[in-house]
Amino acid sequence: MAMAAPEGTHVLGQATLAELRGQMLGSVISPADPDYDSARQTWNHVTDRYPALVVCCSGAADVISAVGFARSEGLPVAVRGGGHSIAGLSACDGGVIVDLSQMTAVHVDQRRRRALAQGGATWRRFDRETQAHGLATPGGRVSSTGIGGFTLGGGIGHLLRKHGLACDNLLAAEMVTADGEQVRASTEENTDLFWALRGGGGNFGVVTAFELALHRVGPTVLGGVVYYPAAQAAQVLAGWRDATAGAPDELTTLVNLATAAPAPFLPRDMHGEKVAALVACWAGSQGDGEEAVRPLRTLGTPLADLIGPMPYLALQQLVDPLWGPGAANYFTSAFIDQLPDAAIQAFADAHQRSASLPASCELHIHQLGGAMARIPSGATAFSQRQPPYLVNCITRTPTADGFAASRAWARATRDAMARFGTGQMYVNFTSEADEDKTRACYPPQTHERLAAVKGRYDPANLFRFSQNIRPALGR
Ligand SMILES: Cc1cc2nc3c(=O)[nH]c(=O)nc-3n(C[C@H](O)[C@H](O)[C@H](O)COP(=O)(O)OP(=O)(O)OC[C@H]3O[C@@H](n4cnc5c(N)ncnc54)[C@H](O)[C@@H]3O)c2cc1C
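These lines cover the structure that appears in this document, whether it is placed above or below. Because the structure is a prediction, the values reported are computed rather than measured.

1. Notes on the overall build of the protein
No. 1: Assigned secondary structure in the protein consists of 14 helices and 19 strands.
No. 2: For 475 residues, the compact-globule estimate of 2.2 N^0.38 gives 23 Å, and the C-alpha radius of gyration of the protein, at 22 Å, lies within 12% of that figure.
No. 3: Principal-axis analysis of the C-alpha atoms places the extent of the protein at approximately 70 × 50 × 40 Å.
No. 4: In the protein, which comprises 475 residues, the proportion classed as buried is 59%.
No. 5: Across the protein, contacts joining residues at least 24 apart in sequence account for 74% of those joining residues at least 6 apart.
No. 6: Per element, the accessible surface of the protein, about 18,000 Å² overall, is 52% carbon and sulfur.
No. 7: Considering the protein, the positive charge centre built from 39 side chains and the negative charge centre built from 43 side chains are found 3 Å apart.

What follows is the structure, given as structure tokens:
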């Protein structure tokens with residue numbers, strides 16, 4: 001039995017639904033259907049939305065039907081790729097969810113070193129297909145995230161310094177726009193749209209296929225994690241900052257101040273202890289890599305040193321067990337221009353104040369630069385190319401209990417760190433979708449250009465369940 005949708009949920013007539021169902025190869029799920037409750041769920045349970053319809057598309061033709069149907073019924077559209085939006089943006093109240101979770105095919109063209117992936121593919125699928133040929137594109141650090149939202153927002157992963165952001169590797173996108181047209185965006189066609197898709201999020205339509213550049217990676221890379229005691233966090237952060245200042249592009253790292261989870265790869269006596277974890281990936285020859293990671297192994301007194309040769313696929317899935325669906329999650333971020341000792345101390349102090357298990361609180365500082373920073377800021381809608389670091393403050397509680405307090409801690413830590421930069425946020429690490437926070441994700445001139453593109457491709461704001469750029473009309 002489906003749970004009754006709350007009063008006020010848009011109810012569509014049976015004849016209208018039958019007409020849509022008649023067109024579709026995929027399924028159309030309404031509040032009256034037994035699978036409505038599972039179909040409306042997304043990964044982050046902090047939001048609970050009741051759409052008028054979930055349309056599970058089998059291909060681009062279904063997407064065209066679903067978008068046309070929503071438009072003719074006057075309903076807004078939420079697009080669901082991998083369903084991991086941290087702001088819960090792939091669900092909506094009263095609108096149509098265009099669900100791409102059946103559209104996961106990935107085709108690899110080895111010779112031309114590119115992959116064509118459907119809009120609902122996850123990194124698990126993408127990496128599996130591409131690694132079969134020793135190829136990869138920069139993808140997510142948790143393999144259940146979708147290539148869709150990840151790439152459209154930018155995409156920061158283990159290969160960032162060597163091969164850039166995921167969106168830097170986007171060669172073309174096939175998409176269905178608000179008027180139901182199927183268009184292609186690339187450096188040759190619809191170039192304004194192509195610029196906007198590389199960082200502007202899910203504002204512009206439904207991407208049914210992503211064409212991504214591939215690079216030789218692995219299948220074995222040098223990577224993993226070194227754990228230090230939390231008491232040494234400030235020393236580890238300062239040592240990491242200095243050791244990585246002139247690091248080669250092959251090395252991408254991040255520091256994670258966290259509580260050691262009861263993960264099988266950690267010694268039992270570490271479980272539940274606060275730790276400073278240094279995560280590294282070397283995407284180059286192994287001999288050079290050993291040399292490059294050596295300073296990272298001696299930043300303090302390691303509790304566990306798990307850096308070693310490992311399949312790239314294993315590195316991509318290393319923390320998957322810690323990030324299952326169903327919990328309440330919050331991310332908030334800040335690009336910062338410097339990491340002085342005062343910032344380090346503030347970060348280490350915030351870690352000491354973080355809640356303990358079963359809440360999971362993590363403070364990340366990502367090392368940026370390398371290939372990502374060599375692309376001019378105006379070349380893509382992802383414009384924050386120059387800051388050397390990105391801070392991400394994360395909290396996750398199994399249920400709503402304790403969530404509000406943990407979220408307040410994350411926000412306060414973010415605000416304390418944002419003083420060391422311009423205050424700009426990363427759209428994919430932002431749990432809010434209000435206008436102020438969305439504006440904080442883009443420099444003003446980028447936001448203005450995005451609004452103009454939005455005005456051309458979605459003037460009625462059909463795709464508003466995104467970090468929404470309001471359409472600028474009449475340009
Ligand atoms: C556990 C976890 C780990 C993460 N790790 C990283 C990381 O390492 N690096 C990083 O940069 N980010 C990371 N993120 C953030 C992640 O990039 C975003 O949450 C991203 O939006 C997820 O994409 P999705 O397709 O799964 O999400 P969805 O919820 O499906 O979509 C997110 C947004 O993108 C839109 N969208 C998705 N697919 C399409 C499509 N095909 N066409 C048009 N619009 C689409 C949606 O409408 C929505 O607005 C992580 C998030 C989680 C939850």
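2. With respect to the site of the ligand
No. 1: Among the 35 residues in the neighbourhood of the ligand, the closest are listed as Gly 81, Ser 85, Ser 90, Ile 156 and Tyr 426.
No. 2: Here Ser 90 contributes a side-chain N or O atom positioned 2.6 Å from an oxygen atom of the ligand.
No. 3: With respect to the ligand, the side chain of Tyr 426 contributes an N or O atom lying 2.6 Å from an oxygen atom.
No. 4: If the ligand stood free it would expose 950 Å²; the protein chains cover 96% of that surface.
No. 5: Of all the secondary structure elements, the ones that give two or more residues to the shell around the ligand are β3 (77-80), α5 (147-153) and β10 (206-213).
No. 6: The dominant element in the shell around the ligand, judged by the number of residues it contributes, is α5, at four residues.

3. Here we look at the environment of Gly 153
No. 1: Relative to the assigned elements, Gly 153 resides in helix α5.
No. 2: A relative accessible area of 2% means that Gly 153 is categorised as buried.
No. 3: Each C-alpha atom, one on Gly 153 and one on Phe 420, is 23 Å from the other, the two residues being 267 residues apart in sequence.
No. 4: Filtering out sequence-adjacent residues up to four positions away, Gly 153 remains in contact with Gly 199, Gly 201, Phe 382, Tyr 426, Val 427 and Asn 428.

4. Quick notes on the sheet that holds β10
No. 1: If you trace the five strands from one edge of the open sheet to the other, you get β5-β6-β10-β8-β9, paired in antiparallel fashion. Looking at the sheet topology across the chains shown, the edges are occupied by β5 (106-109) and β9 (182-186). Across the sheet, the axes of successive neighbouring strands diverge by a mean angle of 15°, strand direction being ignored.

5. Observations concerning the pairing of strand β14 (residues 274-282)
No. 1: In terms of residue burial, β14 counts as a mostly covered element, since nine of its nine residues are buried.
No. 2: A two-sided burial pattern is seen for β14, the buried positions comprising Lys 274, Ala 276, Leu 278, Ala 280 and Trp 282 on one face and Val 275, Ala 277, Val 279 and Cys 281 on the other.
No. 3: Note: strand β12 (residues 220-229) against β14, eight bridges, orientation antiparallel. Along β14, the bridge assignment pairs Leu 222 with Trp 282.
No. 4: Here nine bridges tie strand β13 (residues 251-259) to β14, and the two strands are oriented antiparallel to one another. Note that in β14 the partner of Thr 259 across the bridge is Lys 274.

Thresholds, definitions, all that
- Residues numbered from 1 in each chain as written.
- Predicted model: local features only at pLDDT ≥ 70, side-chain atom pairs only at ≥ 80, totals over all residues.
- Heavy atoms only, no water.
- Helix = DSSP H or I, 4+ residues; strand = E, 2+ residues; numbered from the N terminus.
- Rg over C-alpha atoms; globule rule 2.2 N^0.38 Å.
- Buried < 20%, exposed > 50% of the residue type's maximum accessible area, 1.4 Å probe, protein only.
- Contact = heavy atoms within 4.5 Å.
- Areas by Shrake-Rupley, 256 points an atom, 1.4 Å probe, with all protein chains shown as cover.
- Lys, Arg positive; Asp, Glu negative; His and termini not counted.
- Charge placed at Lys NZ, Arg CZ, Asp CG, Glu CD.
- Near = heavy atom within 4 Å.
- Polar contact = N/O pair within 3.5 Å; in protein donor to acceptor, adjacent residues only side chain to side chain.
- Pairing = 2+ DSSP bridges.
- Axes fitted to C-alpha atoms, helices over the stretch in contact; angles between N-to-C directions.

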